[in-house]
Structure formats: structure tokens, C-alpha cells
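Analysis of the macromolecular model
Below, each chain spelled out in residue letters.
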Amino acid sequence: MIDRRYTILWTACMSAFVLVVYLGHTLQENPTNHSFGRVKKLADSTGGSSRESSTGPLPFCEAVQSLVLYRTEMTSMLCQHKRSISVKNSSEKLSIVFIHIPKTGGESLEAALSLTKSHAPAFRRKPRLNAKGSLSITIIRNPFSRMYSWFRFCLHGWRGRLPGPARSCLKAHQFLNEQYHITNSSTAVAFEKWLECIFATRGDEYLIAKTAVNYLADVEYPSLLIDYYIRFEHYEDDFSRLSHAIGLNNTNLTHENSSEEQKQISMSGANANKFLNFLRERNLPLPGEEESLLLHTDRINTFIYKPELWKLLQVDYRQVYTVKSINLVSIWFAQDLQIFNYTFEG
């Protein structure tokens, strides 16, 4: 009898161990699944896969029936058909809460609406979201496009400096110079290696890898904490509808934080030394040398890329992705792709 009990106990323990190992492996493979316990239910209930015939997300007011939102009062006012009734006529004072997902053109919106910059996720701002008269908005963007935008942002810098997280952005410079031939394929290889590095850790890089669902979803209920989204791919049209609804018809968008122009980038002394040592250790061309991607500059700890390389970086994101890069982003951003109906093509 005792031996049988030990056998049963041993079998139960081994079964539990196998289950724990399996779950741990699953969470490691797709870390966004455990950030929000009920997000899979949210993704399943949106019916994103039922719109495979269309490319990209529908306009918000057309997609709202398939989205799980935590409230509908402001959404109904924004999406009503009679334009004579708008949010601005509400008896409550309007307070805009902008959930700013990085690399979606959010600084332009903040400038247009005179909002304070914040990358705090929606669930951390619920007191403001639940206040009377609050209107929560966000901008969504194709994850494939957004990740390449992050890569370019790391290279061109923010206000002349290496952006944060600095460790992640420094790696973009290292990988690009490691593939120092100025061709599309070398850029694609550098981008692929950078993505592998970003998705391999949950440290500083998680700011870059954070999904739209992580920014927008409630931690307690399977719902999105937004009243309206602007599609990056249809920025002006979606912003125009929002502007009309809140009574800002004369408000114009300006392109803030543009990466279209070549810029010099300064680094801290420590990061500049890491970068230069990386080049020396691999016998790569140093700034100013004929085969280097970097021009000579007299400014200490400052780097600037050759114009031909910078022009190459302005290509459409689809020209830079490899098969492996596509798979990496597809797995990591699976929920975003499903909920908002994005694909690699658009």
C-alpha cells in the first residue's frame, strides 16, 4: 500500500514538473501572452482573422463593433453619424488622455493638441481614463513598419543624441557597421541581428519590443482602454475626424521628430568608447577612413553617416526584412497583428 502511494505521488509530481516546464517554455517563446492574463481572450473575441480579405485595420468607427472596449460613451459620440452633435457639446469638460505608443507619430499629435509627452500604458492611467469627460485616444501602426522605424531612430538619434534605451540603440550602430558594405542586403542582415537581440531579453530592450496590446489593454478585463484610435497609415484622415468631433477644425499636424534628414549623433563618452572599441576589435574601418560608413568629424564622441547610407535607410520597410526577420516580428507581435488586422504587406 505504501509503495503504491509513493508511486502515485511520484507520478503526480513528475506530471506537475512536466507541465511547469512546458508552460515556462511557452511563456518564454511568446512573452506577451503572460503580460496580460486575459489578452488571448481579447484577441479571440475581436474576430481579427475574419477580415482577412482587407489589408490593415479598418477605420475605428467601422471596426468598433469587433473591438472589445471598456466603455462606449465617448466612442458613440465620436462615431455618431449626425455631425451636428459632437464631443465638444458634452456638458462635461473634455480631458484627452493620449496613450503614446513609441514610433507611431505621437509627438506630432501631442504638439497639435498641446499634450504632455508620456509613454505610460493605459492601465497605469486608469484614474484619468475613468474620470468624467475623459477621452482616451492612441495611434496604431503596423508592427513591421514600427520596428524598422525604431531601428532607424536608433541610428539617426533624438535631438542629436543617442536615444534610449542607449544599450539597444548602440547595438544598432554596432551591427550596421559590422555589415559595412553599403548595400540593401547588409542593412537587412544588420536589422535582423538587431531584432534577434531585442527579442532575446526582457531588459531595457522591452521598451522597444512592447506591443500595442501591452500599451492599450486592461490588466483585469479583456478590453482595450481606448475610445478612439488613429491609424498611422491614414493619419490625416483619422485625425481630421477626431478634430471635428472635439471642435479643433483649424488644427494642423506638423511632422515632429522626423527621421527623413541625415543627422549627426552624439554619445556619452562611455558609449562612444564601446562603439569605437567594437570597431577596432573586429578590424572594421574607423570613422573618416575610406571604407567606413562614418564621416570624419572634429566633434568628440559625435558620429555622422555618409549620405549614401542614410538615403539607403529611407527605403520602404518591406525591402529590409528577411524571412527570419518577418518570422521574429510575426511571433512577437502576433496579438497586435490579429486584433488590428495587420500583415507584413500592410
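Counting from 1, residues in each chain are numbered in the order their sequence is written. In keeping with the predicted nature of the model, local features appear solely for residues at pLDDT of at least 70, side-chain atom pairs appear and are counted solely at 80 or more, and the whole-chain, interface and lining totals rest on all residues. Hydrogens and water molecules were not included; the side-chain quantities draw on all heavy atoms of the structure.

Digging into the overall build of the protein
- Starting at the N terminus, helices and strands are each numbered in turn, a helix being any DSSP run of H or I of at least four residues and a strand any DSSP run of E of at least two. Helix and strand content of the protein: 17 helices and five strands.
- Contacts are assigned to residue pairs that have any heavy atoms within 4.5 Å of one another. Summarising the internal contacts of the protein: among those between residues at least 6 apart in sequence, 76% fall at separations of at least 24.
- As displayed, the protein has an accessible area near 17500 Å², and 53% of this comes from carbon and sulfur atoms. The protein chains shown are the only cover counted for residues, whose accessible areas, like all others here, come from Shrake-Rupley with a 1.4 Å probe.

Things to note about the environment of Leu279
- Take Leu279: it is sitting in helix H14 (residues 269–281).
- Residue burial is assigned from relative accessible area. The probe radius is 1.4 Å, only protein chains are included, and a residue is buried under 20% of its type maximum, exposed over 50%, and partly exposed in between. Under the relative-accessibility criterion, Leu279 is labelled buried at 0%.
- Considering only alpha carbons, one finds Leu279 and Asn177, 102 residues apart in sequence, at a separation of 7.7 Å.
- Those residues within four positions of Leu279 in sequence are excluded, and the remaining contacts are Asn177, Leu284, Pro285, Leu286 and Pro287.

Here's the deal with the nonpolar core
- Judged by nonpolar contacts, the single largest core of 91 residues is most densely connected at Met147 and Trp194.
- Excluding residues within four positions of it along the chain, Met147 makes contact with Phe191, Trp194, Leu195, Ile198, Phe199, Ile208, Tyr321, Val329 and Phe333. By nonpolar core we mean a set of buried residues, namely Ala, Val, Leu, Ile, Met, Phe, Trp, Tyr and Cys, connected to one another through side-chain atoms within 4.5 Å.

Points about unusual backbone geometry
- Geometrically, the link from Gly164 to Pro165 is a cis peptide bond, its omega value of 0° lying close to zero.
- Topologically, Pro165 is positioned in the loop between helix H8 (143–156) and helix H9 (166–178).
- Located in the positive-phi region is Asn283, a residue other than glycine, with phi close to 55°.
- For Asn283, the location among the structural elements is in the loop between H14 and strand S5 (302–303).

Some words on the pattern of salt bridges
- Any carboxyl oxygen of Asp or Glu within 4 Å of a side-chain nitrogen of Lys or Arg constitutes a salt bridge here. What the rule picks out here adds up to ten salt bridges.
- Taking the shortest distance from any N to any O, the salt bridge between Arg318 and Asp316 comes out at 2.8 Å.
- The class for Arg318 is partly exposed, based on a relative accessible area of 33%.
- For Glu345, the salt bridge goes to Arg318, with nearest N and O atoms at 3.9 Å. One end of the pair, Glu345, is in the segment after helix H17 (334–340); the other, Arg318, is in the loop between helix H15 (307–312) and helix H16 (323–332), with 27 residues separating them in the sequence.
- Within the structure, one salt-bridge network assembled from shared partners comprises Glu178, Lys193, Glu281 and Arg282.

Considerations on helix H6 (residues 106–113)
- With seven of eight residues buried, H6 is to be regarded as a mostly interior element.
- Taken together, the buried positions of H6 are occupied by Gly106, Glu107, Ser108, Leu109, Glu110, Ala112 and Leu113.
- Lining the buried residues of H6 we find strand S1 (95–99), strand S2 (134–140), strand S3 (228–231) and helix H13 (235–245).
- Taken from the residues just after H6, Ser114 is the one with a positive phi, measuring 55°.

So, the confidence of the model for the protein
- For every residue, the pLDDT score states the predictor's confidence, bounded by 0 at the bottom and 100 at the top. Per-residue pLDDT for the protein averages 80, and the proportion of residues at 70 or more is 76%.
- Predicted confidence for residues 1–40 stays below pLDDT 50, and this span has 28 contacts to residues more than four positions away or in other chains.
- Long-range and interchain partners of residues 47–53, a stretch whose pLDDT sits below 50, account for nine contacts in this model, where long-range means more than four residues apart.

A short note on the packing of helix H10 (residues 184–199) against H16
- Here H10 crosses H16 at 25°, and the two axes come no closer than 9 Å. Between H10 and H16, the interaxial angle falls into the category roughly parallel. Pair H10 / H16 crosses with left-handed handedness. Taking contact as the criterion, the partners of Glu192, Leu195, Glu196 and Phe199 in H10 are, on H16, Lys324, Ser325, Leu328, Val329 and Trp332.
- Residues of the contact of H10 with H16, tallied by class, amount to five nonpolar, one polar and three charged. The axes used here are C-alpha line fits, helices contributing only the stretch in contact, and every angle between their N-to-C directions lies in the interval 0 to 180 degrees. Angle categories: roughly parallel below 35 degrees, roughly antiparallel above 145, roughly perpendicular from 65 to 115, and oblique for all the rest. Crossings are classed by handedness, with left-handed meaning an anticlockwise turn of the near helix from the far one by less than a right angle and right-handed meaning a clockwise turn. All residues other than Ala, Val, Leu, Ile, Met, Phe, Trp, Tyr, Cys, Pro, Asp, Glu, Lys and Arg, Gly among them, are scored as polar; the first ten of these are nonpolar and the last four charged.

Some words on H16
- Ser325, Val329 and Trp332 are the residues of H16 that are buried. The buried residues of H16 occupy an angular sector of 70° when projected down its axis, which confines them to one face. Think of it as the arc spanned by the lines of direction from the helix axis to the C-beta atoms.

Things to note about the packing of H9 against H14
- Axis separation between H9 and H14 bottoms out at 10 Å; the angle between their running directions is 25°. In terms of their interaxial angle, H9 and H14 are classed as roughly parallel. Judged by the twist between their axes, the crossing of H9 over H14 is right-handed. Between H9 and H14, the contacting residues are Ala166, Leu170, His173, Gln174, Asn177 and Glu178 on the first element and Asn271, Lys274, Phe275, Phe278 and Leu279 on the second.
- Tallied by class, the residues present in the contact of H9 with H14 amount to five nonpolar, four polar and two charged.

Considerations on the pairing of S2
- Counting buried positions along S2 gives seven out of seven residues, so the element sits mostly inside the fold.
- What you see with S2 is no split at all: Ser134, Ser136, Thr138 and Ile140 on one side and Leu135, Ile137 and Ile139 on the other are buried throughout.
- Two strands pair under a simple rule: DSSP has to find at least two bridges between them. Here five bridges tie S1 to S2, and the two strands are oriented parallel to one another. Each residue of the ladder has a partner; that of Phe98, found in S2, is Ile137.
- Sheet topology places S2 next to S3; four bridges connect them, and they run parallel.

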